[in-house]
Amino acid sequence: MDPHGRRRRAHHRVAGEAAGLSRGVGVLPGQCGGRRVRGAGDAGGVPDQCAARRRRARDHPEPVRTRVEAVLGAHRLSLSHQGPDGPVAAVRDVSFEVAAGEIVALVGRSGSGKTSLLMALGLLATPGAGTVLVEGRDTAGLADAELSALRRDRIGFVFQAFNLLPQFTAQENVAMAHRSGLRGGAERAARLLGEVGLGHRLRHRPQQLSAGEQQRVAVARALVNAPAVVLADEPTGNLDAETESDVLDVLTTGAAGSGCAVLLVTHSAGVASRAGRVLRMADGLCAEDPEHDAPRKATP
Ligand SMILES: Nc1ncnc2c1ncn2[C@@H]1O[C@H](COP(=O)(O)OP(=O)(O)OP(=O)(O)O)[C@@H](O)[C@H]1O
């Protein structure tokens, strides 16, 4: 079993999709359209994503609703992976909401289910039960094309491995994730790269940039369609402390500019301390951390 290999495939898939390359993405066995990961969903037999989705639509005939201001919601979400010895329950009956503009950290020991939860929330893995709501819209039962459009337009992704395409410049990497494509997104990409401090690096390729600069490009890419929420999986895991702080600054400032929420998985207490709320996972369960002191807002 190589769970991380599978996870990497999904991460690469969304990076390619973000880069406007979704047409060339292959279809994994058990998928309806080549986007969501197999293994997530029904434990036991061979998972069939289409059947799983139909079953969830049947089990949730009425759309679930979130508070009006919630941009992201998990409603009784469960997700299992198929391991060599049977199903592994990675996410168990998780419910929470994230409001516009919130910065929420998702913490927990290795293997507690953080990435699995993020994959489900990012519509990259089909839950076995429950549903994900994006800006109040229940995603259970949506067709692949609708899920793909929702993911592209309303959700930004940042991964630990920056997932930039090496043959393209920084500006192209950002622009090609824009809903109107490489040309249509060029100006917005240049502006965002300026905002993350890379206005002088537009034509540099990823290998000509430092790790921190590459992650800034990935942040700009995540924000290019002004999403409702950015999902970040250990976005500073490959960076030193100083660069970590810089990247968090550009992520939170960039998101705040458009009221975008950020949900970030982290093992770093320093990163979690900057969040307004902390959700803690243990054995697939998720609960608010009551001990967390939200950082004080700077007085103007
Ligand atoms: N594709 C997969 N196939 C089988 N099992 C998996 C798969 N992905 C994750 N798992 C298992 O699901 C559980 C939750 O894994 P997950 O990666 O979500 O945890 P995590 O909290 O993100 O861990 P880490 O902090 O190490 O990244 C673990 O027991 C893991 O081994």
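As the structure is a prediction and not an experimental result, all values here were calculated from the model.

**Quick look at the confidence of the model for the chain**
When pLDDT is averaged across the chain, the result is 83; 76% of the residues are at 70 or more. Per-element confidence in the chain ranges from a low mean pLDDT of 47 for helix H1 (residues 3-18) to a high of 98 for helix H5 (residues 170-175). Between residues 18-47, whose pLDDT stays under 50, and residues either more than four places distant or in other chains, the model counts 75 contacts. Two summary scores accompany this predicted model of the complex, namely pTM at 0.81 and ipTM at 0.98.

**Some remarks on the packing of helix H8 (residues 211-223) against helix H9 (residues 241-257)**
Orientation of H8 relative to H9, taken along the N-to-C sense of each, is 15°, at an axis distance of 10 Å. If you check the angle between H8 and H9, you find them roughly parallel. With respect to the hand of their crossing, H8 and H9 are arranged in right-handed fashion. Every residue of H9 that contacts H8 at Ala 211, Gly 212, Gln 215, Arg 216, Val 219 and Leu 223 is listed here: Thr 243, Asp 246, Val 247, Val 250, Leu 251, Gly 254 and Ala 255. Considered class by class, the residues forming the contact of H8 with H9 number seven nonpolar, four polar and two charged.

**Topic: the nonpolar core**
With 75 residues, the main nonpolar core has Leu 106, Val 174, Val 219, Ala 220, Val 229, Val 262 and Leu 263 as its most contacted residues. When near neighbours in sequence (up to four residues on either side) are disregarded, Leu 263 contacts Leu 72, Val 98, Val 104, Leu 106, Val 229 and Leu 231.

**Things to note about the pairing of strand S9 (residues 277-282)**
With five bridges connecting them, strand S3 (residues 103-108) and S9 associate as parallel partners. Paired with Gly 108 across the bridge in S9 is Met 281. Note: S9 against strand S10 (residues 285-288), four bridges, orientation antiparallel. Across the sheet, the residue bridging to Arg 280 is Ala 287, located in S10. The hairpin formed by S9 and S10 contains two residues between the paired strands, and Asp 283 there has a positive phi angle of roughly 50°.

**Structural notes on the pairing of strand S7 (residues 229-233)**
Along a regular strand, successive side chains alternate from one face of the sheet to the other. The buried fraction of S7 amounts to five of the five residues, a majority that puts the element mostly inside the structure. Along S7, one buried face is formed by Val 229, Leu 231 and Asp 233 and the opposite face, lined by Val 230 and Ala 232, is buried too. Taken together, the five bridges between strand S6 (residues 155-159) and S7 define a ladder with parallel strand orientation. The residue of S7 that forms the bridge with Gly 156 is Val 230. Alignment of S7 against strand S8 (residues 261-265), held across five bridges, turns out to be parallel. Each bridged residue has a counterpart across the sheet, and for Leu 231 the counterpart in S8 is Leu 263. In this region the chain leaves S7, passes through H9 and returns to the parallel neighbour S8; the handedness of that crossover is right-handed.

So, how was this worked out
- Residues numbered from 1 in each chain as written.
- Predicted model: local features only at pLDDT ≥ 70, side-chain atom pairs only at ≥ 80, totals over all residues.
- pLDDT = per-residue confidence, 0-100.
- Helix = DSSP H or I, 4+ residues; strand = E, 2+ residues; numbered from the N terminus.
- Contact = placed C-beta atoms within 7 Å.
- Axes fitted to C-alpha atoms, helices over the stretch in contact; angles between N-to-C directions.
- Parallel < 35°, antiparallel > 145°, perpendicular 65-115°, else oblique.
- Left-handed = near helix turned anticlockwise from the far one by under 90°.
- Nonpolar A, V, L, I, M, F, W, Y, C, P; charged D, E, K, R; others polar.
- Core = buried A, V, L, I, M, F, W, Y, C linked by C-beta atoms within 7 Å.
- Buried ≥ 20, exposed ≤ 12 C-beta atoms within 10 Å, placed from the backbone.
- Pairing = 2+ DSSP bridges.
- Right-handed = clockwise from strand over helix to strand, strands pointing away.

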